[in-house]
Amino acid sequence: MHHVRFRDPAGAVRTGEWHGDSVSFGGERYDLDEVDVLPPCEPSKIVCIGRNYAKHAEERDEEVPDRPLLFLKPPNAVAGHGDTVTLPAGKENVEHEAELAVVIGEQCRNVAPEDAEEVIAGYTVMNDVSNRDDQDVETNWVRGKAFDGSAPLGPVLADPDHLHDDASISLRVNGETRQDSSIEHLIFSIPDLVAEITTYMTLEAGDVISTGTPEGVGPLEDGDHVAVEVEGVGVLEHDVRQD
């Protein structure tokens, strides 16, 4: 099943079922233009993985890490399907990064790789919007990665059985394909990521692990429309504006 959080015409927040061109809850069905699609979860934190595809490390002229490269995005970074992301003012190089995102289903710590499936609620799609102007000159990436709206998520939470090991991942800007790869090229697997992260921190229900982006990242500009797709999971769409 593909689960969706939305605000219905009466203003109530519901968790229902996604049907592609409509959503449903409690026997009622709504067209998408009748509701506001919300991010599929409310994370206390998003743990992101840097350079988890070799070709992306190559295009950034950086080495493949010997252990998962971790950084954080806070709750203020979350945006939803259909939202408009405002790029940081005065920045010349803000880029898209298509990513498969893991949604955690329960509080967990010190999870072994073989037990990772037990703590995963499902999967969604994320765009790790990245301000390279600042990222490339700072070591903690707060300005580069943690600005408001820098983590569009959605539109759905797909049950784990919808994701295949060789699922494609792609991103289009104004209909033009920029990124086109497969999650089979992940350097560090999802179970290994869950294990590594929970060695250091407790993950809460609703927290997100964003697993890294393949090659093909590129600039975003005022008025762009972005569509990020993970096969079997869904298509996240959002717009971009520049102050």
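This one's a predicted model, so the numbers in the text were calculated from it and none came from an experiment. (Residues numbered from 1 in each chain as written. Predicted model: local features only at pLDDT ≥ 70, side-chain atom pairs only at ≥ 80, totals over all residues. Heavy atoms only, no water.)

Attention shifts here to the domain arrangement of the protein chain. The domains assigned to the protein chain are domain 1 (1-37) and domain 2 (39-242). Relative placement of domain 1 and domain 2: their C-alpha centres are 24 Å apart. Contact with domain 1, which involves seven residues of that partner, is made by 13 residues of domain 2. Summed over both sides, the interface between domain 1 and domain 2 buries roughly 910 Å², with carbon and sulfur atoms accounting for 48% of that surface. At the boundary of domain 1 and domain 2, one finds one salt bridge. Residues arginine 5 and glutamate 42 are paired through a salt bridge, measuring 3.7 Å at the closest nitrogen-oxygen approach. Linking domain 1 to domain 2 there are seven residue pairs in polar contact (both at pLDDT 80 or more). With four residues, strand E1 (residues 2-7) is the largest single contributor of residues to the side of domain 1 that touches domain 2. (Domains from an automatic or database assignment. Contact = heavy atoms within 4.5 Å. Buried area = accessible area lost by both parts, 1.4 Å probe. Salt bridge = Lys/Arg side-chain N within 4 Å of Asp/Glu carboxyl O. Polar contact = N/O pair within 3.5 Å; in protein donor to acceptor, adjacent residues only side chain to side chain. Helix = DSSP H or I, 4+ residues; strand = E, 2+ residues; numbered from the N terminus.)

A few words on the nonpolar core. Of all hydrophobic cores here, the largest spans 42 residues; its most connected members are Leu100, Tyr123, Leu163, Ile190, Ile209 and Val233. Mapped onto this core, the elements with two or more residues apiece are strand E6 (46-50), strand E9 (84-87), strand E11 (98-104), strand E12 (120-127), strand E15 (168-173), helix H4 (190-200), strand E19 (225-230) and strand E20 (234-242). Other than its neighbours up to four places away in sequence, valine 233 contacts His2, Leu100, Tyr123, Thr124, Val125, Val156, Ala158 and Leu163. Of all hydrophobic cores here, the second largest spans 13 residues; its members include Phe71, Ala101, Val103 and Val208. (Core = buried A, V, L, I, M, F, W, Y, C linked by side-chain atoms within 4.5 Å. Buried < 20%, exposed > 50% of the residue type's maximum accessible area, 1.4 Å probe, protein only.)

Now for the sheet that holds E15. Spatially, five strands are ordered E9-E20-E19-E15-E16 in an open sheet, and the strand pairing comes out mixed. The outermost strands of the open sheet, each flanked by one partner alone, are E9 and strand E16 (176-182). Averaged over all adjacent pairs, the angle separating strand axes in this sheet is 20°, with direction ignored. One ladder, built from five bridges, connects E15 with E19; its direction is antiparallel. Within E19, the residue paired with leucine 171 across the bridge is valine 228. (Pairing = 2+ DSSP bridges. Axes fitted to C-alpha atoms, helices over the stretch in contact; angles between N-to-C directions.)

If you walk through the whole model with that rule in mind, you get two aromatic pairs. Summarising the aromatic geometry, the rings of phenylalanine 71 and tryptophan 141 are spaced 5.0 Å apart at their centres and angled 70° between planes, so their arrangement reads as edge-to-face. Of this pair, phenylalanine 71 sits in strand E7 (residues 69-73) while tryptophan 141 is found in the loop between helix H2 (132-135) and helix H3 (142-145), placing the two residues 70 residues apart along the sequence. Here tryptophan 141 falls in the buried class, since its relative accessible area comes to 17%. (Phe/Tyr/Trp six-rings, centres within 6.5 Å; stacked < 30°, edge-to-face > 60°.)

Here we come to the UniProt feature "domain: Fumarylacetoacetase-like C-terminal" (unreviewed entry) in the protein chain. In the numbering used here, UniProt assigns the "domain: Fumarylacetoacetase-like C-terminal" (unreviewed entry) feature to residues 45-240. Annotation note: span residues 45-240, helix share 13%, strand share 39%, distance between end C-alpha atoms 23 Å. (UniProt positions renumbered as here; feature names shortened; annotations may be inferred.)

One can find glutamate 138 in the loop between H2 and H3. Exposure remark for glutamate 138: the relative accessible area of 14% places this residue in the buried category. For glutamate 138, the side chain forms a polar contact with the main-chain nitrogen of valine 142, separated by 3.0 Å. Ignoring sequence-local partners within four residues, the contact set of glutamate 138 consists of Arg143 and Gly144.

It is worth spelling out unusual backbone geometry at this point. The omega angle of the peptide bond from glycine 154 to proline 155 is -5°, so this bond is cis rather than trans. Take proline 155: it is sitting in strand E14 (residues 151-158). One non-glycine residue, tryptophan 141, adopts positive backbone phi at about 65°. Positive phi outside glycine occurs at asparagine 174, with the angle close to 55°. You can see asparagine 174 is positioned in the loop between E15 and E16.

Below, the discussion takes up a negative patch on the surface. A contiguous patch of negative charge on the surface is contributed by Glu106, Glu114, Asp115, Glu117 and Glu118. Assignment of secondary structure puts glutamate 117 in the loop between E11 and E12. Its relative accessible area of 70% is what places glutamate 117 among the exposed residues. (Patch = residues over 30% accessible without salt bridge, like charges linked within 9 Å, V, L, I, M, F, W, Y side chains within 5 Å. Areas by Shrake-Rupley, 256 points an atom, 1.4 Å probe, with all protein chains shown as cover. Lys, Arg positive; Asp, Glu negative; His and termini not counted. Charge placed at Lys NZ, Arg CZ, Asp CG, Glu CD.)

As a further point, take the state of the cysteines. All told, the structure shown has zero disulfides when counted by the stated rule. Free of any disulfide, cysteine 108 has its nearest cysteine sulfur in cysteine 41, 14 Å distant. (Disulfide = S-S within 2.5 Å.)

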